[in-house]
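Chain residues, written in single-letter form:
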Amino acid sequence: MSVLLPNMADFDTIYELDEDEEETAATGERGNRVVSDEHLLRYAPDPVIVRGAGHITVFGLSNKFDAEFPSVLTGKVAPEEFKTSIGRVNACLKKNLPVNVKWLLCGCLCCCCTLGCSLWPVICLNKRTRKSIQKLLEWENHRLYHKLGLHWKLSRRKCESSNMMEYVILIEFLPKYPIFRPD
């Protein structure tokens with residue numbers, strides 16, 4: 001195994017390591033050769049939160065997300081791609097959420113007679129809507145965003161104004177791994 005020295009005079013010199021030195025170099029115990037995953041995650045920027053901007057919310061899921069381009073993503077992703085991705089999520093919500101609202105109203109009207117069992121269909125439909133959005137975001141990640149160092153996911157967060165929970169789109173920055181990291 002060869003070692004590159006920082007001194008430019010010894011640039012062409014190749015030194016052989018002993019077996020114990022090779023083992024410490026391979027495990028990363030020597031110097032700053034290997035960067036741990038915790039170190040990379042600690043210095044990653046804070047994630048971007050895209051909150052719901054609609055006027056109807058069913059079990060924490062808003063009927064649309066804000067399509068305004070966050071300034072933090074400048075240079076990471078094109079504003080057109082961001083708007084297209086949010087548009088796909090909003091189209092999925094526009095297709096599924098009105099059905100959920102109708103079932104919620106029917107469930108609330110019949111709640112006393114059915115002892116709350118009439119709310120199960122809307123709970124299942126809401127779960128199906130969340131799963132379809134998560135699947136859409138995974139497709140978007142695989143298609144584009146993982147290549148750009150971003151990861152989109154649907155996350156449940158506490159509202160800023162109350163103790164209620166809401167679903168938001170969380171855009172996380174993937175850490176950049178050093179290319180000289182040993183396997």
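Cut-offs and rules
Residues numbered from 1 in each chain as written. Predicted model: local features only at pLDDT ≥ 70, side-chain atom pairs only at ≥ 80, totals over all residues. Heavy atoms only, no water. Helix = DSSP H or I, 4+ residues; strand = E, 2+ residues; numbered from the N terminus. Buried < 20%, exposed > 50% of the residue type's maximum accessible area, 1.4 Å probe, protein only. Areas by Shrake-Rupley, 256 points an atom, 1.4 Å probe, with all protein chains shown as cover. Patch = residues over 30% accessible without salt bridge, like charges linked within 9 Å, V, L, I, M, F, W, Y side chains within 5 Å. Salt bridge = Lys/Arg side-chain N within 4 Å of Asp/Glu carboxyl O. Expected span 1.5 Å × (residues − 1). Contact = heavy atoms within 4.5 Å. Axes fitted to C-alpha atoms, helices over the stretch in contact; angles between N-to-C directions. Parallel < 35°, antiparallel > 145°, perpendicular 65-115°, else oblique. Nonpolar A, V, L, I, M, F, W, Y, C, P; charged D, E, K, R; others polar. pLDDT = per-residue confidence, 0-100. Phe/Tyr/Trp six-rings, centres within 6.5 Å; stacked < 30°, edge-to-face > 60°. Pairing = 2+ DSSP bridges.

## Overview of the overall build of the chain
Phase 1 of the analysis: Regarding its fold elements, the chain presents five helices and five strands.
Phase 2 of the analysis: Ordered by position from N to C terminus, the α and β elements of the chain give α-α-β-β-β-α-α-α-β-β.
Phase 3 of the analysis: Sorting the 183 residues of the chain into buried and exposed places 31% on the buried side.
Phase 4 of the analysis: Within the structure as shown, the chain displays about 12,700 Å² of accessible surface, and the carbon and sulfur contribution to it stands at 58%.

## Points about a nonpolar patch on the surface
Phase 1 of the analysis: Judged by side-chain polarity, Phe-59, Trp-120 and Ile-123 come together as a nonpolar surface patch covering roughly 320 Å² of accessible area.
Phase 2 of the analysis: Classification of Trp-120 by relative accessible area gives exposed; the value is 52%.

## Regarding helix H5 (residues 120-145)
What sets the pattern is the α-helix's 3.6 residues per turn: residues three or four places apart point alike.
Phase 1 of the analysis: Helix length check: H5, at 26 residues, gives a terminal C-alpha distance of 35 Å against a target of 38 Å (1.5 Å per residue), a fit within 8%.
Phase 2 of the analysis: Every buried residue belonging to H5 is among Val-122, Leu-125, Asn-126, Thr-129, Arg-130, Ile-133, Leu-136, Leu-137, Glu-140, Asn-141, Leu-144 and Tyr-145, and all of these are buried.
Phase 3 of the analysis: Elements in contact with the buried residues of H5: strand E2 (57-58), strand E3 (61-62), helix H3 (79-109), strand E4 (150-158) and strand E5 (165-173).

## With respect to the packing of H3 against H5
Phase 1 of the analysis: At their nearest, the axes of H3 and H5 sit 9 Å apart, and the two run at 170° to each other. Our classification of the angle between H3 and H5 gives roughly antiparallel.
Phase 2 of the analysis: Residues of the contact of H3 with H5, tallied by class, amount to 16 nonpolar, six polar and four charged.

## A look at the confidence of the model for the chain
Phase 1 of the analysis: Of the residues in the chain, 72% reach a pLDDT of 70 or more, and the chain-wide mean stands at 79.
Phase 2 of the analysis: Within the chain, helix H1 (residues 19-27) has the poorest average pLDDT of any element, 50, and E4 the best, 93.
Phase 3 of the analysis: With pLDDT under 50 throughout, residues 1-5 is counted as low confidence; its partners more than four residues away or in other chains account for 14 contacts.
Phase 4 of the analysis: Predicted confidence for residues 28-33 stays below pLDDT 50, and this span has eight contacts to residues more than four positions away or in other chains.

## Observations concerning H3
Phase 1 of the analysis: Taking 1.5 Å per residue, 31 residues should reach 45 Å; H3 reaches 44 Å between its end C-alpha atoms and fits that length.
Phase 2 of the analysis: Three or more residues of H3 are buried, namely Phe-82, Ser-85, Ile-86, Val-89, Asn-90, Cys-92, Leu-93, Asn-96, Leu-97, Asn-100 and Gly-107.

## Side note on the packing of aromatic side chains
Any aromatic ring pair is given by two values, namely how distant the centres are and how the planes are angled relative to each other.
Phase 1 of the analysis: Inspection of the entire model under this criterion finds three aromatic pairs.
Phase 2 of the analysis: By the ring-pair criterion, three or more aromatic residues cluster together here, those being Phe-69, Phe-82, Tyr-145 and Trp-152.

## Things to note about the pattern of salt bridges
Phase 1 of the analysis: According to the stated counting rule, one finds six salt bridges in the structure shown.
Phase 2 of the analysis: With a closest N to O distance of 3.4 Å, Glu-172 and Lys-153 form a salt bridge. With Glu-172 in strand E5 and Lys-153 in strand E4, this pair connects stretches of sequence that are 19 residues apart.
Phase 3 of the analysis: One salt-bridge network, held together by shared partners, links Glu-81, Arg-88, Glu-140 and Arg-143.

## Things to note about the pairing of E5
Phase 1 of the analysis: Burial analysis of E5 places seven of its nine residues in the buried class, which makes it a mostly covered element.
Phase 2 of the analysis: Taken together, the nine bridges between E4 and E5 define a ladder with antiparallel strand orientation. Along E5, the bridge assignment pairs Trp-152 with Ile-171.
Phase 3 of the analysis: Hairpin connection between E4 and E5: a loop of six residues separates the two successive antiparallel strands.

## Regarding the environment of Val-168
Phase 1 of the analysis: For Val-168, the position within the fold is in strand E5.
Phase 2 of the analysis: It is 9.7 Å that separates the C-alpha atoms of Val-168 and Lys-158, two residues lying 10 residues apart in sequence.
Phase 3 of the analysis: The residues touching Val-168, leaving out its near neighbours within four places in the chain, are Ile-49, Val-50, Arg-51, Phe-65, Lys-153, Leu-154, Ser-155 and Arg-157.

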